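Read off the chains here:
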Amino acid sequence: AKRLNERKDHEGSVWEHPYQCTLVQSGQHLLNCIRYVNLNMVRAGEVEHPAEWRWCSHDELVGTRRRYRILDLERLCESLDIDNASQVASLYVDGIEKQLEGNGLEREPHWTQAVAVGDEDFIRKAGGLYTDPHRFAATATDSTDHSSPWMLREDDAPYEA
């Protein structure tokens, strides 16, 4: 964080604005989030594949990093409701390759603007966690696809505010 702050003439935590924390429902939504984050440097044009960016979780997920691991793969398997790490690796790699082949590298607002991502029920419950739930809007990311995720995001402030 210190080096990044010096380079970007920034102060404070790395995870301050423009970065944010997003509550993500376990299961498929979590796996999609992991893929999205690991594709960030590809999206930014720094690398052509997440395997080339050593600071993402790609190497741990596929099992090529064995030392200095930080992921709790057992807990991840539980969160994804998948039996073992090799199944996680297979699903993760399949999704990454499909996104790279299909040019699925566009920014997705539900990962960059939402405070929560999941199914409709999860999002409604997440909205109730805030002291002022009227500041937030729960919306489907694609109203034509009922399997698409929902997101909870802050309502846009009116211009006069």
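Structural notes, computed from the coordinates. Keep in mind the model is a prediction, meaning the values are calculated, not measured.

A few points about the overall build of the protein
Okay, so step 1: On a plain count of helices and strands, the protein comes out with eight helices and four strands.
Okay, so step 2: Ordered by position in the sequence, the α and β elements of the protein form the string α-β-α-α-α-α-α-α-β-α-β-β.
Okay, so step 3: A total of 161 residues make up the protein; the buried ones form 35% of that total.
Okay, so step 4: In the protein, 54% of the contacts between residues at least 6 apart in sequence involve partners at least 24 apart.
Okay, so step 5: In the structure as shown, the protein presents an accessible area of about 11,300 Å², 49% of it carried by carbon and sulfur atoms.

Description of helix H8 (residues 120-127)
Okay, so step 1: Buried within H8 are the following residues: Ile123, Ala126 and Gly127. For H8, the arc enclosing every buried residue in end-on projection is 100°, short of the 170-degree limit, so these residues lie on one face.

Examining the nonpolar core
Okay, so step 1: Grouped together as the largest cluster of nonpolar side chains are 15 residues, with contacts concentrated most on Ile34, Leu61, Leu76, Leu80, Val88 and Tyr92.
Okay, so step 2: For this core, the secondary structure elements donating two or more residues are helix H2 (28-38), helix H5 (73-80) and helix H6 (85-101).
Okay, so step 3: The residues touching Tyr92, leaving out its near neighbours within four places in the chain, are Leu31, Ile34, Arg35, Asn38, Pro50, His58, Leu61 and Val62.
Okay, so step 4: Ala116, Ile123, Phe136 and Leu152 belong to the second-largest nonpolar core, a separate cluster that totals seven residues.

Thoughts on unusual backbone geometry
Okay, so step 1: A positive phi angle, near 60°, is found at Tyr68, a position not held by glycine.
Okay, so step 2: Along the chain, the position of Tyr68 falls in the loop between helix H4 (58-62) and H5.
Okay, so step 3: Positioned with a positive phi, Asp81 is a non-glycine residue whose angle comes to about 55°.
Okay, so step 4: Mapped onto the elements of the fold, Asp81 is located in the loop between H5 and H6.

Digging into the environment of Phe122
Okay, so step 1: When you line up the elements, Phe122 lands in helix H8.
Okay, so step 2: Residues Phe122 and Leu23, spaced 99 residues apart in sequence, show a C-alpha to C-alpha distance of 9.9 Å.
Okay, so step 3: Setting aside anything within four residues of it in sequence, one finds Phe122 in contact with Leu23, Val24, Gln25 and Val117.

Points about the packing of H2 against H5
Okay, so step 1: With their axes 8 Å apart at the nearest point, H2 and H5 run at an angle of 125° to one another. Comparing the axis directions of H2 and H5 gives the class oblique. Residue-level inspection shows Leu30, Leu31 and Ile34 of H2 in contact with H5, the latter providing Leu76, Ser79 and Leu80.

What about the sheet that holds strand E4 (residues 150-154)?
Okay, so step 1: Taken in spatial order, the four strands make up an open sheet running E1-E2-E4-E3, and their pairing is mixed. Two strands lie at the open edges of the sheet, namely strand E1 (23-24) and strand E3 (136-140), each paired on one side alone.

Section: H2
Okay, so step 1: Of all 11 residues that make up H2, eight are buried, and the element is covered over most of its length.
Okay, so step 2: Restricting attention to buried positions, one finds in H2 the residues His29, Leu30, Leu31, Cys33, Ile34, Arg35, Tyr36 and Asn38.

Remarks on the pairing of E4
Okay, so step 1: Here three bridges tie strand E2 (residues 116-118) to E4, and the two strands are oriented antiparallel to one another. Note that in E4 the partner of Val117 across the bridge is Met151.
Okay, so step 2: Looking at chain direction, E3 and E4 are connected through five bridges and run antiparallel. What sits directly across from Ala140, in E4, is Trp150.

Brief notes about the pattern of salt bridges
Okay, so step 1: Enumeration over the complete set of coordinates arrives at five salt bridges.
Okay, so step 2: Among the salt bridges present, the one from Arg69 reaches Glu60, with a minimum N-O distance of 3.9 Å.
Okay, so step 3: Its relative accessible area of 29% is what places Arg69 among the partly exposed residues.
Okay, so step 4: Its salt-bridge partner being Glu120, residue Arg124 comes within 3.3 Å of it at the nearest N-O pair. Of the two residues, Arg124 and Glu120 are both situated in helix H8; the distance of four residues between them amounts to about one turn of the helix.
Okay, so step 5: Here Arg124 falls in the partly exposed class, since its relative accessible area comes to 47%.
Okay, so step 6: Under the relative-accessibility criterion, Glu120 is labelled partly exposed at 37%.

Cut-offs applied
- Residues numbered from 1 in each chain as written.
- Predicted model: local features only at pLDDT ≥ 70, side-chain atom pairs only at ≥ 80, totals over all residues.
- Heavy atoms only, no water.
- Helix = DSSP H or I, 4+ residues; strand = E, 2+ residues; numbered from the N terminus.
- Buried < 20%, exposed > 50% of the residue type's maximum accessible area, 1.4 Å probe, protein only.
- Contact = heavy atoms within 4.5 Å.
- Areas by Shrake-Rupley, 256 points an atom, 1.4 Å probe, with all protein chains shown as cover.
- Arc of directions from axis to C-beta.
- Core = buried A, V, L, I, M, F, W, Y, C linked by side-chain atoms within 4.5 Å.
- Axes fitted to C-alpha atoms, helices over the stretch in contact; angles between N-to-C directions.
- Parallel < 35°, antiparallel > 145°, perpendicular 65-115°, else oblique.
- Pairing = 2+ DSSP bridges.
- Salt bridge = Lys/Arg side-chain N within 4 Å of Asp/Glu carboxyl O.

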